[in-house]
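# Examination of the molecular architecture
Each chain, letter by letter, is given below.
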Amino acid sequence: MTDERRILKSLPGGRTDLPYSRAVVANGLVWVSGVGGEDLVTGALGESIEEQTRGAIENLRRILEAAGSGLHRVTWLQVGLAHPDDYARMNAEYVRHFPPNALPARATVRLGFESPGTRLVMACTALAGSGHP
């Protein structure tokens, strides 16, 4: 193990004014900060929980790939839901993006903040490197 860290502050074309890094790579892992379903460049946000779930997973994918990893390397994922009644619909969309025999460990919690239009956020930890999908 090494004490070196690689910081991914933002994505090309994305916001650069965030008070945190999009991801940190260290000790063979990638930690990705929470992201919603909005387009990270334009800020456009879908209305449905399905659209926002797809958008959040796409954002995780983009950040992981920029950090040299990928969705197939995710080991743990946390979902924050604004409305618990969205759980079943979010889950139905979520499982479409991971192989059934390789679902990451996951925690789902209720969001404790208000952000107009935001129905969920996701954060994850993944193995660093590309591995084999």
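Located above this text is the structure these notes cover.
One structure accompanies this document, and this report is about it. (Residues numbered from 1 in each chain as written. Predicted model: local features only at pLDDT ≥ 70, side-chain atom pairs only at ≥ 80, totals over all residues. Heavy atoms only, no water.)

What follows is about the pairing of strand 5 (residues 105–110). Here six bridges tie strand 4 (residues 74–81) to strand 5, and the two strands are oriented parallel to one another. Within strand 5, the position partnered with Leu 77 by the bridge is Arg 106. Since strand 4 and strand 5 lie parallel, the crossover through helix 2 (residues 87–94) that links them has a hand, and here it is right-handed. (Pairing = 2+ DSSP bridges. Helix = DSSP H or I, 4+ residues; strand = E, 2+ residues; numbered from the N terminus. Right-handed = clockwise from strand over helix to strand, strands pointing away.)

Listed in full, the buried residues belonging to helix 2 are Met 90, Glu 93 and Tyr 94. End-on view of helix 2: buried residues confined to an arc of 100°, all on one side of the axis. Where helix 2 is buried, its residues touch helix 1 (49–66), strand 4, strand 5 and strand 6 (120–127). (Buried < 20%, exposed > 50% of the residue type's maximum accessible area, 1.4 Å probe, protein only. Arc of directions from axis to C-beta. Contact = heavy atoms within 4.5 Å.)

Topologically, Arg 6 is positioned in strand 1 (residues 5–8). When near neighbours in sequence (up to four residues on either side) are disregarded, Arg 6 contacts Ala 23, Val 24, Val 25, Ala 66, Ala 67 and Gly 68. One polar contact links the side chain of Arg 6 to the main-chain carbonyl oxygen of Ala 67, over a distance of 2.5 Å. (Polar contact = N/O pair within 3.5 Å; in protein donor to acceptor, adjacent residues only side chain to side chain.)

Attention now goes to the environment of Ala 82. Structurally, Ala 82 can be placed in the loop between strand 4 and helix 2. The exposure class of Ala 82 is buried, given its relative accessible area of 16%. Sequence separation of Ala 82 and Gly 112 is 30 residues, and the distance between their C-alpha atoms is 7.7 Å. When neighbours within four sequence positions are excluded, Ala 82 is seen to be in contact with Arg 110, Leu 111, Thr 118 and Arg 119.

What follows covers the side chain of Asp 86. Note on placement: Asp 86 falls in the loop between strand 4 and helix 2. Accessibility expressed as a relative area gives 2% for Asp 86, which makes it buried. When sequence neighbours within four positions are dropped, the list of residues in contact with Asp 86 reads Ile 49, Leu 81 and Arg 119.

Before going further, it helps to spend a moment on the nonpolar core. Formed by 27 residues in total, the largest nonpolar core has its most connected members in Val 32, Leu 60, Ile 63, Leu 64, Val 74, Leu 77 and Met 122. Residue assignment for this core shows that the elements contributing at least two residues are strand 2 (23–26), strand 3 (29–35), helix 1, strand 4, helix 2 and strand 6. Broken down by element, this core gets its largest block of residues, six residues, from helix 1. (Core = buried A, V, L, I, M, F, W, Y, C linked by side-chain atoms within 4.5 Å.)

Another aspect to go through is the environment of Val 25. Structurally, Val 25 is set in strand 2. In this structure Val 25 touches Glu 4, Arg 5, Arg 6, Val 30, Ala 67 and Ala 128, once residues within four positions along its chain are discounted.

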